[in-house]
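# Architecture at a glance
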Amino acid sequence: MLIDRDFFLSLRKQYAQLITSGAQLLLLAVGIHLHTVTAWLWCLGIMALISLLAWFSALYRLRTIMGTPTSKIASAAQGYVELIGKGNYFDTTPVLSQISQLPCLWCRYKIERRNGKNEWRTESHGESTTPFLLDDGSAVCVVDPHGAEIVSCHKDSWTKGDYRYTEWKLLNIDTIYAIGEFRTEGGGTHTRKTNDEIKAVLAEWKMNMPELYARFDLDRNGELDMREWGLARSAARREAEKRLSEARAIPDSHYLVRPGDGRLFLISNLTPDKLARRYAIWTWTNLVIFFGALGGVAWVL
């Protein structure tokens with residue numbers, strides 16, 4: 001399913017460095033065009049601020065990728081983890097890309113139209129949020145891409161008439177890198193104790209007192225004496241142990257989702273080494289631009 005919700009958030013994260021670089025070039029062009037001391041001070045000052053923010057953003061991603069060890073799905077601790085494995089379709093059903101209708105794990109699209117000034121205006125955009133699977137050989141994890149920053153090397157762009165079409169995809173042949181919040185649900189995570197389950201069973205039975213009396217009021221006097229309550233508790237224990245045994249027999253299911261504390265949620269078909277190199281380049285580039293802009297301010301003054 002393709003939706004627009006959170007599209008700009010995801011797009012802004014993925015292309016933050018490209019957008020900020022474009023803003024810096026625009027500011028430089030404005031300074032050259034106006035060519036006044038005041039204009040240069042404003043433009044260079046804003047360039048320095050943008051570069052500082054972009055540097056912090058790239059450095060944060062670089063440190064997160066380099067500082068988070070890769071976990072195996074079967075033995076991963078609950079919480080923030082990094083996973084690497086083969087991507088596959090959820091429930092064997094692929095996502096179809098919006099424009100080219102090609103099967104994929106995830107896709108984003110953008111349709112732009114050229115106006116009379118030879119500028120491109122976005123007319124339609126969206127991305128899929130259907131979960132997909134990640135298999136690292138030890139187990140399979142369901143990855144929910146909603147809210148993730150997704151970096152893909154599969155980008156197709158073409159022009160037809162006054163329209164430009166762009167698609168980004170993750171394919172089921174890709175090795176997927178993902179970092180986010182890891183959760184496991186199933187029998188292996190069932191921690192409820194027998195006594196707690198007995199209390200829950202008795203509370204459930206007490207909601208239907210006529211049936212409770214029919215089962216355990218042996219002398220039919222409308223009350224449950226100590227012996228009859230003992231029988232009820234014994235039956236509740238057997239029911240509780242049965243429920244707990246069934247719950248613990250449920251296979252574990254693993255999920256990777258967006259962290260609730262706002263930490264980086266990143267999915268890519270690039271290796272962590274390539275991602276780290278990309279963010280390292282942006283870190284140094286923005287640092288150079290920052291000091292260059294400060295030097296420009298000093299020169300103007």
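Bear in mind the structure is a predicted one, so any value in this text is a computation, not a measurement. (Residues numbered from 1 in each chain as written. Predicted model: local features only at pLDDT ≥ 70, side-chain atom pairs only at ≥ 80, totals over all residues. Heavy atoms only, no water.)

The subject of this paragraph is the overall build of the protein chain. Helices and strands together make up the secondary structure of the protein chain, namely seven helices and 14 strands. Burial statistics for the protein chain: of 301 residues in total, 41% are counted as buried. Residue pairs in contact within the protein chain that sit at least 24 positions apart in sequence constitute 71% of those at least 6 positions apart. Approximately 17,100 Å² of the protein chain is accessible, and the part contributed by carbon and sulfur atoms is 58%. (Helix = DSSP H or I, 4+ residues; strand = E, 2+ residues; numbered from the N terminus. Buried < 20%, exposed > 50% of the residue type's maximum accessible area, 1.4 Å probe, protein only. Contact = heavy atoms within 4.5 Å. Areas by Shrake-Rupley, 256 points an atom, 1.4 Å probe, with all protein chains shown as cover.)

Bridge count for strand 7 (residues 132-135) against strand 8 (residues 140-143) is four bridges, and the pairing is antiparallel. Note that in strand 8 the partner of Phe132 across the bridge is Val143. Where strand 7 folds back onto strand 8 in an antiparallel hairpin, the turn is made up of four residues, including Gly137, whose phi is positive at roughly 95°. Of the strand pairs in this sheet, strand 8 and strand 13 (residues 253-257) are connected by three bridges, and their pairing is parallel. Across the sheet, Cys141 pairs through a bridge with His254, a residue of strand 13. (Pairing = 2+ DSSP bridges.)

Right, let's talk about a nonpolar patch on the surface for a bit. A cluster of nonpolar side chains, namely Leu26, Val30 and Leu34, defines an oily patch on the protein surface of about 260 Å² accessible area. With respect to the element layout, Val30 can be found in helix 2 (residues 16-34). Classification of Val30 as partly exposed rests on a relative accessible area of 32%. (Patch = residues over 30% accessible without salt bridge, like charges linked within 9 Å, V, L, I, M, F, W, Y side chains within 5 Å. Salt bridge = Lys/Arg side-chain N within 4 Å of Asp/Glu carboxyl O.)

Along the chain, the position of Thr184 falls in strand 12 (residues 175-185). At 2.9 Å, the side chain of Thr184 and the side chain of His254 are in polar contact. (Polar contact = N/O pair within 3.5 Å; in protein donor to acceptor, adjacent residues only side chain to side chain.)

Now for the environment of Tyr80. Topologically, Tyr80 is positioned in strand 2 (residues 79-89). When its relative accessible area of 18% is taken as the criterion, Tyr80 is described as buried. With near-sequence residues (within four places) excluded, Tyr80 lies in contact with Thr64, Thr68, Ile179, Gly180, Glu181, Pro259, Arg263 and Leu264. A polar contact of 2.6 Å, which involves the side chain of Tyr80, links it to the backbone oxygen of Leu264.

This part covers helix 7 (residues 272-300). Across its 29 residues, helix 7 extends 42 Å between first and last C-alpha, which sits within 8% of the 42 Å expected from 1.5 Å per residue. Listed in full, the buried residues belonging to helix 7 are Leu275, Ala276, Tyr279, Thr283, Asn286, Phe290, Ala293, Gly296, Val297 and Val300. (Expected span 1.5 Å × (residues − 1).)

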